[in-house]
Amino acid sequence: MLAPGHPFQLALGLVIWSGWFIAVYGGLSVGCKLAPPAPMPGPFTWINLALLLITLPVVAGLLVLARRCWRFAATTTQPFIAQVAAGLHLSAAIATLAVAMPTLYLPPCV
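Residues numbered from 1 in each chain as written. Predicted model: local features only at pLDDT ≥ 70, side-chain atom pairs only at ≥ 80, totals over all residues. Heavy atoms only, no water.

A few points about the packing of helix H2 (residues 46-75) against helix H3 (residues 80-100)
Think of two packed helices as two axes; the pair is described by the angle between the axes and how far apart they sit.
And then number 1: With their axes 8 Å apart at the nearest point, H2 and H3 run at an angle of 160° to one another. The orientation of H2 with respect to H3, classified from their angle, is roughly antiparallel. Every pair of crossing elements has a handedness; the one defined by H2 and H3 is left-handed. On the side of H2, the interface is formed by Thr-55, Val-58, Val-59, Leu-62, Leu-63, Leu-65, Ala-66, Cys-69, Trp-70, Phe-72 and Ala-73, while H3 contributes Ala-82, Gln-83, Ala-85, Ala-86, His-89, Leu-90, Ala-92, Ala-93, Thr-96, Leu-97 and Ala-100.
And then number 2: Partitioning the contact of H2 with H3 into residue classes produces 18 nonpolar, four polar and no charged. (Axes fitted to C-alpha atoms, helices over the stretch in contact; angles between N-to-C directions. Helix = DSSP H or I, 4+ residues; strand = E, 2+ residues; numbered from the N terminus. Parallel < 35°, antiparallel > 145°, perpendicular 65-115°, else oblique. Left-handed = near helix turned anticlockwise from the far one by under 90°. Contact = heavy atoms within 4.5 Å. Nonpolar A, V, L, I, M, F, W, Y, C, P; charged D, E, K, R; others polar.)

Next comes the structure, spelled out in structure tokens:
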């Protein structure tokens with residue numbers, strides 16, 4: 001496991017977010033092309049449920065990473081990398097939630 005003070009932590013949260021973004025929107029495109037749901041149920045479709053089930057563990061993981069880095073920063077004499085990494089992980093978690101919000105109120109294949 002990567003140490004909370006390792007410099008790669010500065011990029012890890014955004015790398016996780018970008019991987020999630022590619023997987024979710026790639027999966028959405030493939031799902032809408034191969035088996036588009038009827039627009040009548042609105043946001044309550046199997047595609048939106050799958051997107052939410054992918055999103056929740058990613059957000060939880062990013063929050064765990066942010067907490068781990070923040071706790072490490074409180075115990076070290078050189079907290080800069082860990083503090084910035086915690087903020088970046090938290091930003092990535094917020095960005096993930098913000099991008100996933102339309103799955104709660106929009107039909108997937110509009």
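On we go from here.
Remarks on the confidence of the model for the protein
And then number 1: Within the protein, residue pLDDT values average 93, and 100% of them lie at 70 or more.
And then number 2: At the low end of the mean pLDDT range in the protein sits helix H1 (residues 9-34), at 94; at the high end sits H3, at 96. (pLDDT = per-residue confidence, 0-100.)

Some thoughts on the packing of aromatic side chains
And then number 1: Overall, the coordinates contain two aromatic pairs when judged by the stated rule.
And then number 2: Ring centres of Phe-21 and Tyr-25 lie 4.9 Å apart, and the angle between their planes is 45°; on these two criteria the pair is classed as tilted. Note that Phe-21 and Tyr-25 are positioned in helix H1 at a spacing of four residues, about one turn of the helix.
And then number 3: For Tyr-25, a relative accessible area of 33% corresponds to the partly exposed category. (Phe/Tyr/Trp six-rings, centres within 6.5 Å; stacked < 30°, edge-to-face > 60°. Buried < 20%, exposed > 50% of the residue type's maximum accessible area, 1.4 Å probe, protein only.)

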